[in-house]
Structure formats: C-alpha cells, structure tokens
Amino acid sequence: MTRSTLLADLSSEGTAELGRSGTLVVYPAGRTLMREGDEDRHVLILLDGCAKVVGVSPGGRESLLAIRVAGDLVGELAALDGKPRSATVTAVLATTARRLSGDEFLALLGRHPGDWLTVSRYVTAKLRDANRSRVHSGSPVVARTARVLIELAEKFGRPVPGGVLVDMPLPQSALAGLVGASEPALHRALTGLRRSGAVDTGYRRIMIVDSTELERAMRD
C-alpha cells in the first residue's frame with residue numbers, strides 16, 4: 001500500500017544534489033511551515049516527520065487537502081508560478097526538512113532536465129488528490145477518519161499478520177488534527193470502525209484489518 005514520494009522518483013543525480021542544497025530546518029509539531037496567501041517562494045523537501053496541507057473555503061471552512069511525509073515536496077506551486085501560497089502546511093509531528101529558495105529549486109531542475117517531467121507528474125497527482133479531498137471535506141467524521149487512515153496506510157503501511165500496520169507513533173490529538181475533528185468525535189469514529197472490523201487500534205497504534213470495509217466507510 002506504499003505510495004511513491006518525489007525523492008523516490010527523481011534521478012539519482014537530482015536526489016544527490018537536493019541532499020546538498022539549501023538549508024536544513026527542524027519544525028516542532030504544530031509549527032506552520034507555509035501559510036495560505038503568503039508570497040514567499042521557498043520549497044521544502046521533507047526528510048522525516050509528517051505535515052498536513054489545509055485549505056480554507058470562501059465560507060471559512062478548513063479542509064484537509066493532503067498529508068505529506070518524508071520524501072515529499074511542499075511549496076513548489078509558488079516557486080513554479082510565482083503566485084501566493086494556495087494552502088497552509090503545518091507540522092503534525094516534529095518534522096525535518098531541507099529548505100531551498102524558489103530560484104535554487106528551479107536552477108536545480110534546469111541542471112537535471114529529466115526531472116522536470118517527474119516533478120510535473122508529481123504536481124499533477126497532488127492537484128488531483130487535493131480536488132478529491134475538497135469534495136470529501138464536508139463528509140461525516142467517520143468518512144473523514146477512514147480517508148485519513150487510508151492515506152496514512154499508503155504512506156506508512158507495513159504488512160503484518162492480520163492486516164497493514166500504520167507504522168508511525170501518531171498521538172490521538174495529532175490524528176484528530178488531521179481528520180479535522182475533536183478528540184471525542186475521533187474516538188467515536190474509531191470505535192465505529194473497530195466494531196465494523198475495518199481497523200484495530202491501541203496506544204499510538206492503528207492496524208488496517210479490512211481495507212474494503214474502510215473504503216466503504218470513506219464513501220458513506
């Protein structure tokens with residue numbers, strides 16, 4: 001269930017240069033990495049941790065657009081088109097990243113033209129995912145929880161006897177932040193998913209037992 005990241009798909013030369021470029025930065029959990037509407041142009045290559053990408057509708061409703069993890073790129077749209085940030089990115093866990101200015105990022109791609117297509121495909125896939133996420137932003141808490149768990153399994157899933165373990169120590173408060181729900185509402189949603197046989201949970205532990213049932217809950 002593992003989804004590929006940008007670093008996994010870049011050329012070895014491009015990946016090596018990224019590892020030497022920019023500045024290493026560390027963001028504590030809860031810190032805003034980028035804010036919707038800001039006009040800065042830097043990009044971040046996440047090296048570890050986890051961040052959420054959130055958009056705000058004209059009516060003021062926040063919606064989770066994506067979850068970003070090690071190997072993912074954030075902030076590239078502003079570097080590519082020079083327009084203000086389209087979403088807010090916040091660290092869910094302590095997150096380490098390599099920060100490049102927009103000019104550094106574009107210059108690097110210029111030196112490795114084969115990676116332009118990889119980045120283009122990556123950006124296109126992210127935009128498609130964000131559009132799907134906006135459609136589900138008003139869904140019930142159970143459906144939103146199921147969607148977040150499916151994405152976490154794609155990014156952190158490790159097959160184990162009985163299912164797929166989400167291999168990251170995610171506090172319930174952080175999971176509630178990803179879902180966009182209160183902790184009591186999240187607890188009720190997880191209880192329902194456990195009763196349906198979709199998941200099994202413990203202290204900072206989530207295992208996907210029945211992915212088909214989880215996907216059904218996401219659509220309900």
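The rules we used
- Residues numbered from 1 in each chain as written.
- Predicted model: local features only at pLDDT ≥ 70, side-chain atom pairs only at ≥ 80, totals over all residues.
- Heavy atoms only, no water.
- Helix = DSSP H or I, 4+ residues; strand = E, 2+ residues; numbered from the N terminus.
- Rg over C-alpha atoms; globule rule 2.2 N^0.38 Å.
- Buried < 20%, exposed > 50% of the residue type's maximum accessible area, 1.4 Å probe, protein only.
- Contact = heavy atoms within 4.5 Å.
- Areas by Shrake-Rupley, 256 points an atom, 1.4 Å probe, with all protein chains shown as cover.
- Lys, Arg positive; Asp, Glu negative; His and termini not counted.
- Charge placed at Lys NZ, Arg CZ, Asp CG, Glu CD.
- Pairing = 2+ DSSP bridges.
- Salt bridge = Lys/Arg side-chain N within 4 Å of Asp/Glu carboxyl O.
- Axes fitted to C-alpha atoms, helices over the stretch in contact; angles between N-to-C directions.
- Core = buried A, V, L, I, M, F, W, Y, C linked by side-chain atoms within 4.5 Å.
- Arc of directions from axis to C-beta.
- Expected span 1.5 Å × (residues − 1).
- Polar contact = N/O pair within 3.5 Å; in protein donor to acceptor, adjacent residues only side chain to side chain.

**Q** Looking at this structure, how should I read the overall build of the protein?
**A** When helices and strands are tallied, the protein shows nine helices and 12 strands. The C-alpha atoms of the protein give 18 Å as radius of gyration, which agrees with the globular expectation for 220 residues (17 Å, within 12%). By residue count, 48% of the 220 residues in the protein fall in the buried class. Long-range pairs, those at least 24 residues apart, make up 72% of the contacts in the protein between residues at least 6 apart in sequence. Carbon and sulfur atoms make up 52% of the accessible area of the protein, which amounts to about 10600 Å² in all. The positive charge centre, built from 29 side chains, and the negative charge centre, built from 25, are 4 Å apart in the protein.

**Q** What's the story with the pairing of strand S10 (residues 163-166) in this structure? I'm lost.
**A** Every regular strand shows the same layout, with side chains that alternate between the two sheet faces. Sheet analysis places strand S9 (residues 157-160) next to S10, joined by four bridges and oriented antiparallel. Note that in S10 the partner of Gly157 across the bridge is Val166. In this structure, S10 lies alongside strand S12 (residues 205-208), joined through three bridges in antiparallel fashion. Opposite Leu165, over in S12, you have Met207 as the bridge partner.

**Q** I keep staring at the pattern of salt bridges and nothing clicks. Help me out?
**A** Opposite charge on two side chains permits pairing when their charged atoms draw close. For the structure shown, the criterion picks out five salt bridges. The partner of Asp72 in a salt bridge is Lys155, with the nearest N and O atoms 3.4 Å apart. Of this pair, Asp72 sits in the loop between strand S5 (62-69) and strand S6 (73-74) while Lys155 sits in helix H6 (residues 141-156), and the two are 83 residues apart along the sequence. Neither residue differs from the other here; Asp72 and Lys155 are each classed as buried.

**Q** Help me understand the sheet that holds S5, please; the structure alone is not making it clear to me.
**A** Strand pairing in a sheet relies on backbone hydrogen bonds. The paired strands run either parallel or antiparallel. Spatially, S2-S7-S4-S5 is the arrangement adopted by the four strands of the open sheet, whose pairing is antiparallel. Of all the strands in the sheet, the pair left with one neighbour each is strand S2 (32-34) and S5. For this sheet the average axis-to-axis angle between neighbouring strands, irrespective of direction, equals 30 degrees. In terms of strand pairing, strand S4 (residues 50-56) meets S5 through seven bridges, oriented antiparallel. In the strand pairing of S5, Val56 is matched with Glu62.

**Q** What is the right way to read the sheet that holds S12 from this model?
**A** Read from one edge of the open sheet, four strands run S9-S10-S12-S11, paired in antiparallel fashion. Of all strands in the sheet, those bounded by a partner on one side alone are S9 and strand S11 (199-202). Adjacent strand axes in the sheet meet at a mean angle of 25 degrees when their direction is disregarded.

**Q** Got a minute to help me understand the environment of Met207 in this structure?
**A** Its place among the elements puts Met207 in strand S12. Each C-alpha atom, one on Met207 and one on Gly163, is 6.3 Å from the other, the two residues being 44 residues apart in sequence. Leave out the neighbours within four places in its chain, and Met207 touches Val160, Pro161, Gly162, Gly163, Val164, Leu165, Ala198, Val199 and Asp200.

**Q** Is there a simple way to explain the nonpolar core in this structure?
**A** In this structure, Leu149, Leu152, Leu170, Leu175, Ile208 and Leu214 are the most contacted members of the largest nonpolar core, which totals 33 residues. Looking at which element gives the most residues to this core, the answer is H6, with seven residues. Discounting residues that sit within four places of it in the chain, Leu175 has contacts with Val148, Leu149, Leu152, Leu170, Leu186, Leu190 and Ile206.

**Q** How do you make sense of helix H4 (residues 102-111) when you look at a structure like this?
**A** A turn of α-helix holds 3.6 residues, and therefore any two residues three or four places apart point the same way. Of the residues making up H4, those classed as buried are Gly102, Phe105, Leu108 and Leu109. Buried residues of H4, seen end-on, are gathered within an arc of 130 degrees and therefore sit on one face of the element. Of the residues in H4, the exposed ones pointing more than 90 degrees away from the buried face are Asp103 and Gly110.

**Q** What should I look at first to understand helix H8 (residues 183-195) in this one?
**A** Across its 13 residues, H8 extends 18 Å between first and last C-alpha, which sits within 8% of the 18 Å expected from 1.5 Å per residue. Those residues of H8 that fall on the buried side of the exposure criterion are Ala185, Leu186, Ala189, Leu190, Thr191 and Leu193. Buried residues along H8 sit in contact with H6, helix H7 (172-179), S11 and helix H9 (211-219). One side-chain oxygen of the residue at the start of H8 lies 3.2 Å from the amide nitrogen of Ala185, identifying that residue as Ser182. The first or second residue beyond H8 is Gly197, which carries a positive phi of 85 degrees.

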